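Understanding the architecture of this molecule
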Amino acid sequence: MLAYVVRRLVATVFVMAFVAFFVFSLLYLTPGDPAATIAGDLATADDIARIHRQLGLDDPFLVRFGHWAWGVLQGDLGTSIFTNLPVTTLIGQRVGPTVSLTIMALIITLGFAIPLGVIAASKVGSWIDRLVMVVAVLGFSVPSFVLAYFAILCFSVWLDWLPVQGYASLSEGFAPFIEHLILPSIVLGLIYGALIARITRAAMLEVLSQDYIRTAQAKGLTEGKVLVGHALRNAAIPIVTVIGSGIALLIGGVIVTETVFAIPGIGRLTVDAILRRDYPIIQGVTLILSAVYVVINLLVDMSYTFFDPRVRF
Amino acid sequence: MALAAAEIAPVVQRHWLGETARRHPTVMIGVMLLLAMAAMALLAPYLGTVDPLAVAPVKRLRPPSEFYWFGTDSYGRDIYSRTLYGARVSLTVGLSVAMFGTALGLAIGLVTGFVRRLDLVVMRVMDALMSVPPVLLAIALMALTKASLGNVVLAITITEVPRVARLVRSVVLSLREQPFVEAAVAAGTGFWRTLLRHILPNTIAPLLVQATYICAAAMITEAVLSFIGAGTSPEIPSWGNMMAEGRSYFQIKPYLVLFPGAFLSLTVLAVNLVGDGLRDALDPRLARRL
């Protein structure tokens, strides 16, 4: 196990090094001269040349990558062209709403999707099974921002149950915090939930056809004990794998959901950076979110032995 | 014999079509919807539309009526016409990405699955590309280039290639151990002939299913990119652009967003239904579970 963990960590370091190289290449290939942008409209050629020397922009590509990577390792993701603030500061200011939104989406999604998948598999062919499958196909097909507008129209504009847009931090009170997050969380989690419900159903159906399930039923265990204690535990590995790989859907969804619901998080920061062509922010966000995605999938791989002790690395 | 086969063929074909419709009604719904969307995109100029780019400030923000079926936007452009022409953008992106993505991924997957020395290097690059969430990767790539349909197709294709390559590679890895491939190699069949005659045909079925899902994902990603301002030029009548323009007026004029949103969802649903049907037909064991 330890050897496997070390091997995976080394592989993760290589993958992240490549992602960092890719992200740096984006900066390198970016059209325009960053020195001219920093110097402003009134700068002379000498001013621009001086900034070039100061920032090391005349150095060879690999030397510049080395300097940049060293800065990243020390937590320096560069400076925003538009606000002139460090990218790490900007991301730090916006991380709260994004983490709150993502965690709430995860809680709602996993709280509904896994039980629905289990029920659908245990009552295969019933109306609830068909309903779960229909919702799963619709969840895959309706883009999150389309669903977001339909949800706002129904629950905020017509029924007036929830706020249309905006974000309230936990310090402003628990009720406003939840009120502002509930609709975006459901919208963000629907595609992810559809995927997990479908995989849960498929994995459970596979397990429920096994002999040991029949044995458990024959010895008189209740349906709940058979489903949760015997079947779900053995169906956990594909479900957990999809929970990990599906995080990409949440990360992509956060960018759009925060835009529709005007939540001042990392997604909104990214969209603003795109509109202003603020490349250091786009790179910083890409690097950070990719790292989160890679680490989550690493943890998912590690969790296999917890769910199935037979798994040996 | 040939005559008998010719007589039987239409009967078998009719039977097959009827059987498919009976066993997979959702697939037939998907095919019908997709054909309707394709016809709408192709025949847009003949379906009572006007110039989708024609600006008319005096007619701005008109609600749906007998003159403007889906209303007009903030520039006075006809939303019905823009929605119909928008199908062209969505389908072009979806089909192009599915075509280029599968072709490139197939080539990479075939070669890396069969040539072990290349596998180590190329698949690590693919792994690294897969470690960036697709929408984020497409955004980062679009930030480098100017807004255009070609660049959108290119950016989304790059995000999809690693997944196809990995799928094809896994199929090739299992195929190369099969007796029929070993027999071909033992009989002295050349590298390219083995690859193209014995391996390639067996990768087509899973690839076809994957292509439909890529098509659906590409249409959504295009709409997301346009919606956040990183996709096609704003004046192009794509469904993502229309929703982005309409969002400021959404609370008072919801139709600005709902019509393009509904058409986008219907088209993606149609492609997904066709993809599910293909998967069920090609892998009946999996079909019973998924």
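Residues numbered from 1 in each chain as written. Chains lettered and ligands numbered in written order. Predicted model: local features only at pLDDT ≥ 70, side-chain atom pairs only at ≥ 80, totals over all residues.

Digging into the overall build of chain B
Quick note on the threshold: Each helix corresponds to a stretch of at least 4 residues labelled H or I by DSSP, and each strand to a stretch of at least 2 residues labelled E; elements are numbered beginning at the N terminus. Any residue with 12 or fewer other C-beta atoms within 10 Å of its own C-beta is exposed, any with 20 or more is buried, and the rest are partly exposed; the C-beta atoms used are placed from the backbone. We call two residues in contact when their backbone-placed C-beta atoms lie within 7 Å.
Check the secondary structure of chain B and you find eleven helices and zero strands. Each helix and strand of chain B, placed in order from N terminus to C terminus, yields the pattern α-α-α-α-α-α-α-α-α-α-α. Burial statistics for chain B: of 290 residues in total, 44% are counted as buried. A separation of at least 24 residues holds for 70% of the contacts in chain B among residues at least 6 apart in sequence.

Describing the overall build of chain A
Within chain A, the secondary structure is distributed over 13 helices and zero strands. Beginning at the N terminus, the succession of helices and strands in chain A can be written as α-α-α-α-α-α-α-α-α-α-α-α-α. If you line up chain A on its principal axes, its C-alpha atoms span 85 × 55 × 35 Å. Residues classed as buried in chain A amount to 38% of the 313 residues present. Counted over contacts in chain A with a minimum sequence separation of 6, partners at least 24 positions apart contribute 71%.

Concerning the packing of helix H10 (residues 223–245) of chain A against helix H13 (residues 279–307) of chain A
Two quantities define a packed helix pair, namely the angle between the axes and the distance from one axis to the other. Residue and element names in this part refer to chain A. Stated precisely, the cut-off is as follows: Structural elements are reduced to axes, namely lines fitted to C-alpha atoms, with helices fitted over the stretch in contact, and the angle between N-to-C directions of any two is expressed from 0 to 180 degrees. Oblique is the label for any angle not covered by the other classes, which are roughly parallel (under 35 degrees), roughly antiparallel (over 145) and roughly perpendicular (65 to 115). When residues are sorted by character, Ala, Val, Leu, Ile, Met, Phe, Trp, Tyr, Cys and Pro go into the nonpolar class, Asp, Glu, Lys and Arg into the charged class, and all the rest, Gly among them, into the polar class.
Interaxial distance between H10 and H13 falls to 9 Å at its minimum, and their mutual angle equals 175°. In terms of their interaxial angle, H10 and H13 are classed as roughly antiparallel. In contact with Arg233, Ala236, Ile237, Val240, Thr241, Ile243, Gly244 and Ser245 of H10, H13 contributes Ile296, Asn297, Val300, Ser303, Tyr304 and Phe307. Residues that form the contact of H10 with H13 fall into these classes: eight nonpolar, five polar and one charged.

Here we look at the nonpolar core
Nonpolar side chains in soluble globular proteins tend to end up buried together. Note the cut-off: Take the buried Ala, Val, Leu, Ile, Met, Phe, Trp, Tyr and Cys residues, join any whose C-beta atoms are within 7 Å, and the set you get is a nonpolar core.
With 155 residues, the main nonpolar core has Ile196 and Ile239 of chain A together with Ile139 of chain B as its most contacted residues. No other element matches the 17 residues that helix H8 (residues 174–208) of chain A contributes to this core.

Regarding the confidence of the model for chain A
For clarity, the cut-off: The predictor reports its confidence for every residue as pLDDT, a score running from 0 up to 100.
Residue-level pLDDT values for chain A average 87, and 98% of them are 70 or greater. Taken element by element, chain A is modelled with least confidence in helix H2 (residues 34–39) of chain A, mean pLDDT 73, and with most confidence in helix H5 (residues 87–122) of chain A, mean pLDDT 93.

Focus on the packing of helix H7 (residues 144–158) of chain A against H8 of chain A
Residues and elements named next belong to chain A. Here is the rule: Left-handed describes a crossing whose near helix is turned anticlockwise from the far helix by less than a right angle; the clockwise case is right-handed.
Put simply, H7 and H8 touch, their axes get as near as 9 Å, and they point 145° apart. When you trace H7 past H8, the crossing you get is right-handed. Residues Ser144, Leu147, Ala148, Ala151, Ile152 and Phe155 of H7 form the contact with H8, whose participating residues are Leu183, Val187, Leu188, Leu190 and Ile191. Looking at the contact of H7 with H8 residue by residue, the class counts come to ten nonpolar, one polar and no charged.

A word on the interface of chain B and chain A
Contacts between the two partners involve 34 residues from chain B, matched on the other side by 40 residues from chain A. Of all elements in the fold, only helix H4 (116–130), helix H5 (134–144), helix H8 (191–227) and helix H10 (255–282) of chain B reach the threshold of two or more residues within the side of chain B that touches chain A. Sort the elements by how many residues they give to the side of chain B that touches chain A and H10 of chain B lands first, with eight residues. Residue classes in the side of chain B that touches chain A are distributed as 26 nonpolar, six polar and two charged.

As for unusual backbone geometry
All names here are of chain A. One non-glycine residue, Asp160, lies in positive phi territory at about 55°. One can find Asp160 in the loop between H7 and H8. Taking the C-beta count within 10 Å as the criterion, Asp160 has 9 such neighbours and is therefore assigned exposed. You will see that Ala262, though not glycine, has its phi angle at about 50°, which is positive.

Focus: H8 of chain A
Residue and element names in this part refer to chain A. The test is simple: The length a helix should cover is 1.5 Å for every residue beyond the first. What is called the bend at a residue is the angle between a pair of axes, fitted to the seven residues leading up to and ending at it and to the seven starting from it.
Here H8 is 35 residues long, yet its end C-alpha atoms lie only 41 Å apart, well below the 51 Å a rise of 1.5 Å per residue gives. The largest bend in H8 amounts to roughly 45° and is located at Leu190. The element H8 is largely enclosed, with a buried count of 25 among its 35 residues.

A word on helix H6 (residues 127–141) of chain A
For H6 of chain A, spanning 15 residues, the distance from its first C-alpha to its last is 21 Å, which sits close to the expected 21 Å at 1.5 Å a residue. Taken residue by residue, H6 of chain A has Val132, Ala136, Gly139, Phe140 and Ser141 of chain A as its buried positions. Those residues of H6 of chain A that are buried are in contact with H5 and H8 of chain A together with H10 of chain B.

Details of the confidence of the model for chain B
Overall, the prediction assigns chain B a mean pLDDT of 86, with 91% of residues at 70 or greater. Confidence, read as mean pLDDT per element, is least for helix H11 (residues 284–289) of chain B in chain B (56) and greatest for helix H3 (residues 79–114) of chain B (94).

Regarding the environment of Trp192 of chain B
For Trp192 of chain B, the position within the fold is in helix H8. Spatially, the C-alpha atom of Trp192 of chain B lies 16 Å from that of Phe180 of chain B, the residues being twelve residues apart in sequence.

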